[in-house]
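# A look at the structure
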Amino acid sequence: MADGFYVTTSDLTLHYAQQLSEAILLHNLNAIENRGALESLVKEKLREYQLDEIGIIQGDEELFTYFNPQLPLQDYQDLLTDSLKRAHAGETIKEIKPMGSGEFIRLGLPVPVKDGPALLIITGKFLPQNYAQKINTINAYWDRYSQLRQQKDMLKTFFLMTLVFVTILIVFAATWIGFHIAKSITVPIEKLAQATREVSKGNLDVRVEDPASDEIGILIDSFNQMIADIKSGQETLAQKTAEQEARKQYIETLLNTVTTGVLALDAAGVVTTINPSGRDILALTDGGIVGRSYRQALQHERYADLVAAIDQGMKSRHRISDREIQLTLNAQPITIALTLSPLRTPGRDFSGFIIVLDDLSQLIRAQKIAAWKEVAQRVAHEIKNPLTPIQLNAERIIKNLHRTEPGAPAVIEEGARVIIQEAQTIKSLVDEFSDFARLPKINLQPTALGEIIDQVTALFRGIFLDIVFEVQLDPDLPPRLALDPEQIKRVFINLIDNAIDAMNKKGKIRIHAAFDREAHQVRVDVADTGPGIPVEDKDKLFLPHFSTKKKGTGLGLAIVSQIMKEHNGAVEVHNTKPHGAEFTLKIPA
């Protein structure tokens, strides 16, 4: 097969060389002027004939040689000199040489031409495998097989004896190993079963002792660790239970003794806890309030304001701090401070409210006495100031009343004018206090807050040219709020008037209104660029008759605070950086 393949490949390679020579002679491609066409023909035939080498030699000159680029050219060998001599003598040459992992068959065909030296056309074909070598290998394997075939019976007997011996050995070993494994499994399992029975009786000190190191050992270690964890968890649980019970007892004692009323509501508004002080403050005698809705427990009309505040908290689910509510209980008016603090689960879900009630009646009564005592002192001082010139001018008039000097009437007229002026000052002071004491009852109606701010700022823009107003209303501001427009306008006029005085009528006033959806309220910030509020004056700023102005009555901010309370809102003040004060109005929405 190998020899036939070599002959066939050699003949085919020689045939391609003859075909190429006929084409060269037919088209006279051996001429120098057709050298380019000859190269093109050689390249084309290299691909067409699927050869691995085509070379053209004319005389002693090698014109060109083209190779298949896939050849292992590092192992390529040129034609022997002896082969070239035989080719020039007109003999067809043939070479088979090793090349890489295969062999290379090369044919050289001499072609005589007119008017010039003969051409030598070289064609080559690469055989990637050495077929002759494979034939030799097959023969060697066949010889070895023939030798082994003669020894088949002896080898068969040897292997059979070996198999029988190994089988007996395996059966014995398997039996012994089976008994050993069964014992290593059943004994620990029996110990585990016994330990389990002890644990079921409540004995957590039991331990399984076994030196096993396989999966049974892991199971035993896990069982022992489980029992240790159960015992530790039981001890920790007992400790936590005792601590929880002690904490519960402490909280119950605290709630029962504290004077502040505490109620707890769940997410549905059902009362889960109320302490005795809460019952006393709200005058609740019914012992069945726990487990009922706060609306049912507080259904009497005297609790209407309290229920409305709780409704607002349940709707917004946000904290409400220090909301003052007036109640009439047992025919006595009382004032309580209401604080609602939301309860949330670890996942931040709403789970109810803690309601804290403080009876402020005694505190407010004491504060009123102290406040009006200070007011009386300040009013007496303010009235005393104009009384002195009134007295002096009255004495002056009396002295000049019966005189006949020409200047006496003028002195009397001037004294009367001073008395009238100072009396007017006293009247203005009395009117201010009268207005504060007789604030009209609020008339809530749907009102556009932005329009009120624009109206108030327009009043001041035309008067104070050195004041810059910066008004910013957020686009999500509710179009209408439940307000008394006249009272709210009075609030803004007082705040802006105070800001202008604080800046000496020159500076910037910024008004910013924003809607807090979570808290369901509108925040209005009124900030100036004045010197700010002294720290020691902040607590007294909203008290009647407290003023930082030389000629102020001290009622402007007290009126602002009162109006905001009647709107169920609040007013706060703080200083801004680098300087200035900012008043914040919180209006329910």
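Quick summary incoming for the structure in this document. (Residues numbered from 1 in each chain as written. Predicted model: local features only at pLDDT ≥ 70, side-chain atom pairs only at ≥ 80, totals over all residues. Heavy atoms only, no water.)

### Focus: the nonpolar core
Among soluble globular proteins, nonpolar side chains are generally buried collectively. Counting 39 residues, the largest nonpolar core has L449, F492, L495, I496, I509, V524 and L585 as its most contacted members. Looking at which element gives the most residues to this core, the answer is helix α13 (residues 485–502), with seven residues. Non-local contacts of L449, meaning those with residues more than four positions away in its chain, are made with L481, L483, I488, F492, V522 and V524. Counting 30 residues, the second largest nonpolar core, distinct from the first, contains I289, L298, I310 and I334. (Core = buried A, V, L, I, M, F, W, Y, C linked by side-chain atoms within 4.5 Å. Buried < 20%, exposed > 50% of the residue type's maximum accessible area, 1.4 Å probe, protein only. Helix = DSSP H or I, 4+ residues; strand = E, 2+ residues; numbered from the N terminus. Contact = heavy atoms within 4.5 Å.)

### Looking at the packing of helix α5 (residues 152–200) against helix α6 (residues 215–257)
Between α5 and α6, the shortest axis-to-axis distance is 10 Å and the interhelical angle comes to 10°. Classified by the angle between their axes, α5 and α6 sit roughly parallel to one another. Handedness of the crossing formed by α5 with α6: left-handed. Contacts between α5 and α6 involve S184, P188, I189, L192, A195, T196 and V199 from the former and I216, L219, I220, F223 and I227 from the latter. Across the contact of α5 with α6, the residue classes tally to ten nonpolar, two polar and no charged. (Axes fitted to C-alpha atoms, helices over the stretch in contact; angles between N-to-C directions. Parallel < 35°, antiparallel > 145°, perpendicular 65-115°, else oblique. Left-handed = near helix turned anticlockwise from the far one by under 90°. Nonpolar A, V, L, I, M, F, W, Y, C, P; charged D, E, K, R; others polar.)

### Overview of the sheet that holds strand β3 (residues 93–99)
The strands making up a sheet associate through backbone hydrogen bonding, with each pair oriented either parallel or antiparallel. Spatial ordering of the open sheet is given by β2-β1-β5-β4-β3, a layout of five strands whose pairing is antiparallel. Bordering the open sheet on either side are β2 (61–67) and β3, each of which pairs with just one other strand. In this sheet, adjacent strand axes meet at a mean angle of 15° when their direction is disregarded. Bridging between strand β4 (residues 102–111) and strand β5 (residues 119–127) involves nine bridges; their strand directions are antiparallel. By the bridge assignment for β5, L107 is matched with T123. Sheet contacts for helix α2 (residues 35–48): β1 (53–58) and β2; angle to β2, the most-contacted strand, approximately 35°. (Pairing = 2+ DSSP bridges.)

### Remarks on the packing of helix α12 (residues 449–461) against α13
At a closest axis distance of 10 Å, the pairing of α12 and α13 adopts a crossing angle of 40°. Taken together, α12 and α13 sit at an angle that is classed as oblique. Classified by chirality, the crossing of α13 by α12 is right-handed. From α12, L449, I452, I453, Q455, V456, T457 and F460 reach across to α13, where they touch P485, I488, K489, F492, I493, I496, D497 and I500.

### As for α6
With 43 residues, α6 ought to run about 63 Å at 1.5 Å a step, and its terminal C-alpha atoms sit 61 Å apart, in line with that. Where α6 is buried, its residues touch α5. (Expected span 1.5 Å × (residues − 1).)

### As for the environment of T9
By the secondary structure assignment, T9 is in helix α1 (residues 2–26). When near neighbours in sequence (up to four residues on either side) are disregarded, T9 contacts I105, K125 and L127.

### Some points on the pairing of strand β16 (residues 570–575)
Where β16 lies against strand β17 (residues 581–588), six bridges are found, and the strand directions are antiparallel. Paired with V573 across the two strands is F583, which belongs to β17. Taking the residues that link successive antiparallel strands as the turn, the β16-β17 hairpin has five residues, and the phi of G580 there is positive, at about 120°.

### Describing the packing of aromatic side chains
Scanning all chains against the criterion turns up eight aromatic pairs. Taken together, a centroid distance of 5.3 Å and an interplanar angle of 65° make the contact between F350 and F353 edge-to-face. Assessed through its relative accessible area of 12%, F350 is described here as buried. Grouped by ring-pair contacts, the aromatic residues F67, Y76 and F104 constitute a single cluster. (Phe/Tyr/Trp six-rings, centres within 6.5 Å; stacked < 30°, edge-to-face > 60°.)

### Some remarks on the sheet that holds β16
Strand order in the open sheet formed by five strands is β12-β14-β15-β17-β16, with mixed pairing between adjacent strands. At either margin of the open sheet sits one strand with a lone partner, and together these are β12 (467–473) and β16. Strand-to-strand twist in this sheet, taken as the mean axis angle between neighbours without regard to direction, amounts to 15°.

### Focus on the side chain of Q521
With respect to the helices and strands, Q521 occurs in strand β15 (residues 521–528). Taking relative accessible area as the criterion, Q521 reaches 18% and is therefore assigned buried. Not counting residues up to four positions away in its chain, the partners in contact with Q521 are A514, F515, D516, K586, I587, P588 and A589.

### So, the pattern of salt bridges
The full count for this structure, using the stated rule, is eleven salt bridges. Note that E48 is salt-bridged to K45, the shortest N-O span being 3.1 Å. A residue pair is termed a helical-turn pair when its members lie 3 or 4 positions apart in one helix, as E48 and K45 do in helix α2 at three residues. Ionic pairing is found between K231 and D205, a salt bridge with its closest N-O pair at 2.5 Å. Taken together, the residues span a long stretch of sequence, with K231 in helix α6 and D205 in the loop between α5 and α6 at a distance of 26 residues. Within the structure, one salt-bridge network assembled from shared partners comprises E53, E95, K97 and R106. (Salt bridge = Lys/Arg side-chain N within 4 Å of Asp/Glu carboxyl O.)

### Points about a nonpolar patch on the surface
A surface patch of nonpolar side chains, about 540 Å² in accessible area, is lined by W176, I177, I181, I185, I189 and L219. Looking at the element boundaries, I189 is found in helix α5. (Patch = residues over 30% accessible without salt bridge, like charges linked within 9 Å, V, L, I, M, F, W, Y side chains within 5 Å. Areas by Shrake-Rupley, 256 points an atom, 1.4 Å probe, with all protein chains shown as cover.)

### Details of unusual backbone geometry
Trans is the common state for peptide bonds, and a negative phi is the common state for residues other than glycine. Across the junction of K577 and P578, the peptide omega takes the value 0°, indicating a cis bond. As for its position among the elements, P578 is in the loop between β16 and β17. Phi is positive for A283, which is not a glycine, with a value near 55°. Residue placement: A283 occurs in the loop between α7 (276–282) and α8 (294–297). The class for A283 is buried, based on a relative accessible area of 18%. At N504, a residue that is not glycine, the phi angle is positive and equals roughly 55°. Here N504 lies in the loop between α13 and β14 (507–516).

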